Amino acid sequence: MQKTKIIKEIVGERLKEYGFTYLKTDGTCRIFIRELQGIKRYYDPENQTVKQYVNIHESSFGKDLTVHFHTDVFGYEMDQDLEELKKYGTGGWLTYLDEEKYKERLRLLTGHIVEHGFDLLEKMSHEEEIIPTKAMAKRLFHKHKKLAAAFAEEFSLKTVPEQTKDIDDWFDRIKKLLLDSVDLPYDEVKELLVKTAAFIGEKACEMCAYEWLFPTHFMTPKIIGPGRAYFLLDIVVDGWKSKCDEDTLYRMEIIAGTLKNGMADKGVSI
C-alpha cells in the first residue's frame, strides 16, 4: 500500500483548499503545513507569522491512525489531539484492516480536521502576552554565568552553600523578589526573571552536574542532569505571573530538593 500517496490524495487535496501543503514524512508521520501572516507574537515580536501543522500519525504497533496538531507558538509546540476522536473508543486512534478501510479512515479524519481541527489550530495560534521571549531565552543561554554572578552580588546571596538552610534561604529570597515585583510592568522585571533563572541553573550545574541546553527546536533553554530536566525561565516567569501560586511553590521545592541532594552526594550533611 502506498500510504504517503494515498494520504496526499485524500487528506492533502482537501487541506490544499485551506492553504496547507505537504511538508514531509517523519517516521510514521505525514505532516502538512500552512503559514498565517499578521498574527501578533509575543515570544518574538519581529515575527508575525504562525506555522500550523497537521500530522497524520500511524501507530508503530498496529493498524491504527490518528491526527495531531501543533504550531510554532509558545506553549503549543507539543502535539495536541482531538477530543472528538475519542468517541470511537480507541483513545482517538482509528483502526483499519485493508486499503479500502485505510482510505475510509483517512476520509473520516479529514472531516474531523476541517470541522474541529481548524478551530483547535486557531486557539493554538495565539500567544499569551506574558511569556518568556526569544530575547530573554538567548540572553539566558549565552550569559547565564555572568547573570548568575550578578544576581548573587546584587542580592547578597551566599554563592557556596554550607548547609541546606542556605538553599532554603535562596528560594525564600527568590519568592520574595517575585512577590515584591508582581505589580511592576512585565518589561521592567524581565531582567530580574532572567537573572533568577540563571542563578538557579548555575547552582544546579555547580552542585549537581547539570548542564544548559538550547537546541533550535526549543523555545527556551533547559538544564539537564542526573535527575529531571528543568525549563527554568518558564518556571520563573510563570511564578511571577501567578504570584507564586501553589504550583510554583511546588516546582521550586522540587528544584531545591535537587540541589540538596547534590549537597548530600558531595558528603554535606542534610
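A brief report on the enclosed structure follows. (Residues numbered from 1 in each chain as written. Predicted model: local features only at pLDDT ≥ 70, side-chain atom pairs only at ≥ 80, totals over all residues. Heavy atoms only, no water.)

**Brief notes about the overall build of the protein chain**
Here is step 1 of the chain: When helices and strands are tallied, the protein chain shows seven helices and seven strands.
Here is step 2 of the chain: In sequence order, the protein chain lays out its α and β elements as α-β-β-β-β-β-α-α-α-α-β-β-α-α.
Here is step 3 of the chain: The principal-axis extent of the C-alpha atoms belonging to the protein chain is close to 70 × 40 × 30 Å.
Here is step 4 of the chain: Across the protein chain, the fraction of contacts at a sequence separation of at least 24, relative to all contacts at a separation of at least 6, is 60%.
Here is step 5 of the chain: Surface exposure of the protein chain reaches about 14100 Å², of which carbon and sulfur atoms provide 50%. (Helix = DSSP H or I, 4+ residues; strand = E, 2+ residues; numbered from the N terminus. Contact = heavy atoms within 4.5 Å. Areas by Shrake-Rupley, 256 points an atom, 1.4 Å probe, with all protein chains shown as cover.)

**Observations concerning the packing of aromatic side chains**
Here is step 1 of the chain: On inspection of all chains with the given rule, the structure shows twelve aromatic pairs.
Here is step 2 of the chain: Aromatic pair F20 and F118: ring centres 5.8 Å apart, planes at 10 degrees, arrangement stacked. Here F118 lies in helix α2 (residues 99–123) and F20 lies in the loop between α1 (3–16) and β1 (21–26), a separation of 98 residues in the sequence.
Here is step 3 of the chain: Owing to a relative accessible area of 2%, F20 belongs among the buried residues under this scheme.
Here is step 4 of the chain: When the centroid spacing of 5.2 Å and the interplanar angle of 40 degrees are considered together, the rings of F151 and F199 count as tilted. (Phe/Tyr/Trp six-rings, centres within 6.5 Å; stacked < 30°, edge-to-face > 60°. Buried < 20%, exposed > 50% of the residue type's maximum accessible area, 1.4 Å probe, protein only.)

**A short note on the pairing of strand β4 (residues 64–71)**
Here is step 1 of the chain: For β4, the tally of buried residues reaches eight of eight residues, placing the bulk of the element in the interior.
Here is step 2 of the chain: The two faces of β4 match: D64, T66, H68 and H70 on one face and L65, V67, F69 and T71 on the other face are all buried.
Here is step 3 of the chain: Bridge count for strand β3 (residues 49–58) against β4 is seven bridges, and the pairing is antiparallel. Bridge pairing in β4 places I56 opposite V67.
Here is step 4 of the chain: Counted along the chain from β3 to the antiparallel partner β4, the turn is five residues long.
Here is step 5 of the chain: In this structure, β4 lies alongside strand β5 (residues 94–95), joined through two bridges in antiparallel fashion. (Pairing = 2+ DSSP bridges.)

**Some remarks on α1**
Here is step 1 of the chain: Relative to the 20 Å expected for 14 residues at 1.5 Å per residue, α1 spans 18 Å between its end C-alpha atoms, a close match to the ideal helical length.
Here is step 2 of the chain: Along α1, the helix axis deviates most sharply at E9, where the bend reaches about 30 degrees.
Here is step 3 of the chain: Listed in full, the buried residues belonging to α1 are I6, I7, I10, V11, G12 and L15.
Here is step 4 of the chain: On its buried face, α1 sits against β2 (29–37), β3 and α2. (Expected span 1.5 Å × (residues − 1). Bend = angle between axes of the 7 residues up to and from the residue.)

**Quick look at the packing of helix α3 (residues 134–154) against helix α5 (residues 186–208)**
Here is step 1 of the chain: Closest axis-to-axis distance for the α3/α5 pair is 6 Å, and the angle between their directions is 80 degrees. With respect to α5, the element α3 is oriented roughly perpendicular. Residues M136, R139, L140, H144, K145, L147, A148, A150, F151, A152 and E154 of α3 pack against Y186, K190, E191, L192, L193, V194, K195, T196, A197, A198, F199 and E202 of α5.
Here is step 2 of the chain: Across the contact of α3 with α5, the residue classes tally to 14 nonpolar, two polar and seven charged. (Axes fitted to C-alpha atoms, helices over the stretch in contact; angles between N-to-C directions. Parallel < 35°, antiparallel > 145°, perpendicular 65-115°, else oblique. Nonpolar A, V, L, I, M, F, W, Y, C, P; charged D, E, K, R; others polar.)

**Structural notes on the sheet that holds β3**
Here is step 1 of the chain: What the five strands build is an open sheet, ordered β1-β2-β3-β4-β5; its pairing is antiparallel. Each edge of the sheet is formed by a strand with only one pairing partner; in this case those strands are β1 and β5.
Here is step 2 of the chain: Along the sheet face, α1 touches β1, β2 and β3 and points at about 25 degrees away from the line of β2.

**Topic: α2**
Here is step 1 of the chain: Between its first and last C-alpha atoms α2 spans 34 Å; for 25 residues at 1.5 Å apiece the expected length is 36 Å, and the two agree.
Here is step 2 of the chain: For α2, every residue scored as buried is listed here: Y102, R105, L106, L109, T110, H112, I113, V114, G117, F118, L120 and L121.
Here is step 3 of the chain: Against α1, β2, β3, β4 and β5 lie the buried residues of α2.
Here is step 4 of the chain: For α2, the capping residue at the N-terminal end is D98, with a side-chain oxygen 3.3 Å from the backbone nitrogen of E100. (Polar contact = N/O pair within 3.5 Å; in protein donor to acceptor, adjacent residues only side chain to side chain.)

**Here's the deal with the nonpolar core**
Here is step 1 of the chain: The biggest cluster of nonpolar side chains holds 49 residues, and the ones touching the most others in it are F171, L193 and L232.
Here is step 2 of the chain: Elements with a minimum of two residues in this core: α3, α4 (164–180), α5, α6 (232–241) and α7 (246–265).
Here is step 3 of the chain: Among the elements that line this core, the one with the most residues is α5, at 13 residues.
Here is step 4 of the chain: Residues V50, L109, V114 and M124 belong to the second largest nonpolar core, which totals 29 residues. (Core = buried A, V, L, I, M, F, W, Y, C linked by side-chain atoms within 4.5 Å.)

**Examining unusual backbone geometry**
Here is step 1 of the chain: Unusually for a residue other than glycine, K243 sits at a positive phi of about 60 degrees.
Here is step 2 of the chain: The topology assignment puts K243 in the loop between α6 and α7.
Here is step 3 of the chain: One non-glycine residue, C244, lies in the positive phi region at around 55 degrees.
Here is step 4 of the chain: Relative to the elements of secondary structure, C244 occurs in the loop between α6 and α7.

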